Amino acid sequence: MADLPLIIEPADLAQLLKQPPENLRIVDLCSEPSYQNGHVEGALHIPPQMLLSNIPPAPGRIASVEQLNRLFSYLGLTPDTHFVVYDDEGGGWAGRFIWTLDAIGHKHYSYLNGGLQAWKSDELPLSREIPQPPFTEAHVSLDPSVVVEIPDILEALEDPNFVVWDARGPSEYRGEKVLAQKGGHIPGAVNVEWTQLMDHRNGLRIRPDAEAFLAEQGLTKDKRIVTHCQSHHRSGFTYLVGKSLGFDIKGYHGSWSEWGNHPDTPVEI
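Predicted, not measured: the structure shown is a model, and the values here were computed from it.

Asks: When you look at the packing of aromatic side chains in this model, what are you seeing that I'm missing?
Replies: Scanning the entire structure with this criterion turns up six aromatic pairs. A ring pair is formed by phenylalanine 72 and phenylalanine 97, whose centres lie 5.9 Å apart and whose planes are at 50°; its orientation type is tilted. Taken together, the residues phenylalanine 72 in helix α3 (residues 65–74) and phenylalanine 97 in helix α4 (residues 92–103) connect sequence positions 25 residues apart. Phenylalanine 97 matches phenylalanine 72 in its accessibility class, with the two residues each being buried. An aromatic cluster is present here, built from Phe72, Phe83 and Phe97 joined pairwise through their rings. Between the NZ or CZ atom of arginine 168 and the centre of the ring of tryptophan 256, over which it lies, the distance is 4.5 Å. In this structure, arginine 207 packs its charged tip against the face of phenylalanine 213, placed 4.0 Å from the ring centre.

Following this line, the structure appears as structure tokens:
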């Protein structure tokens, strides 16, 4: 199977599922009740928490290699596996899964544009059949060039070609809503809340004018961008959007729960 595009439309996936290739793996990151009530045919359900370390004060940091090995063994990871990922919230968890694939060096993946919301709005069929997971023995390793840490950001803050994309809500960015020891934002960060990149009138697909909209905020292809939120969940989607536009973008998995709780990190309000 030739690699699918990064962004696949529901109608195109539905057509592909009529004769699905053996190496196609569909991953559902919706809630368990949503999955049980109906999912894309052949989709394996993954609780999003499997992607996270769940260790305070930064529970959104990437899961341990041991945990990732269990996850990708369950999913039947091989070098040729092509993942199609979706959720029911507009792409946060799906984007986080794609960032995780980048972190382990696996490059065959697609996002179902709009996820389950778009699938349903297009009136495509849902299945309640639970597929058998295709177990393999996965042995993953993390790519440090993908997994951004505090020193990487501190070293880049004075670079005019570097910008932090803060995907949180404006009240968090301004330090009015404080969810860590410190409120505010990383110095110089640009605040574009994740939901602003969704087309709310078209099944939560990525908005068609995303590139022009982001350019107005100073987020462009010529910048080196790091995106974050509170736990690298919302910024999973902004990472995905940036990738779809060809941006030089990385995700900061510690996000504000780490930065805002660290004694030596600079903060602006």
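This is not the end of the story, as more comes after the structure.
Asks: Would you take a moment to explain unusual backbone geometry for this structure?
Replies: Residues apart from glycine generally show negative phi values, whereas peptide bonds are mostly found in trans. At the junction of proline 56 and proline 57, the peptide bond is cis and its omega measures out at 0° in the coordinates. With a phi close to 65°, leucine 204 is a non-glycine residue in the positive phi region. As for its position among the elements, leucine 204 is in the loop between β9 (198–199) and β10 (205–206). For serine 255, which is not glycine, the phi dihedral falls at a positive 50°.

Asks: For this particular structure, what's the right way to read the packing of α4 against helix α9 (residues 234–244)?
Replies: When two helices pack together, their arrangement is given by the angle between the helix axes and the distance between those axes. In the contact formed by α4 and α9, the axes pass within 6 Å of each other and the chain directions differ by 65°. In this view, α4 runs roughly perpendicular relative to α9, as classed from their interaxial angle. As α4 runs across α9, the sense of the crossing is left-handed. Judged by residue contacts, Gly92, Gly95, Arg96, Ile98, Trp99 and Asp102 of α4 engage Gly236, Phe237, Tyr239, Leu240 and Lys243 from α9.

Conventions adopted
- Residues numbered from 1 in each chain as written.
- Predicted model: local features only at pLDDT ≥ 70, side-chain atom pairs only at ≥ 80, totals over all residues.
- Heavy atoms only, no water.
- Phe/Tyr/Trp six-rings, centres within 6.5 Å; stacked < 30°, edge-to-face > 60°.
- Helix = DSSP H or I, 4+ residues; strand = E, 2+ residues; numbered from the N terminus.
- Buried < 20%, exposed > 50% of the residue type's maximum accessible area, 1.4 Å probe, protein only.
- Lys NZ or Arg CZ within 6 Å of the ring centre and 35° of its normal.
- Axes fitted to C-alpha atoms, helices over the stretch in contact; angles between N-to-C directions.
- Parallel < 35°, antiparallel > 145°, perpendicular 65-115°, else oblique.
- Left-handed = near helix turned anticlockwise from the far one by under 90°.
- Contact = heavy atoms within 4.5 Å.

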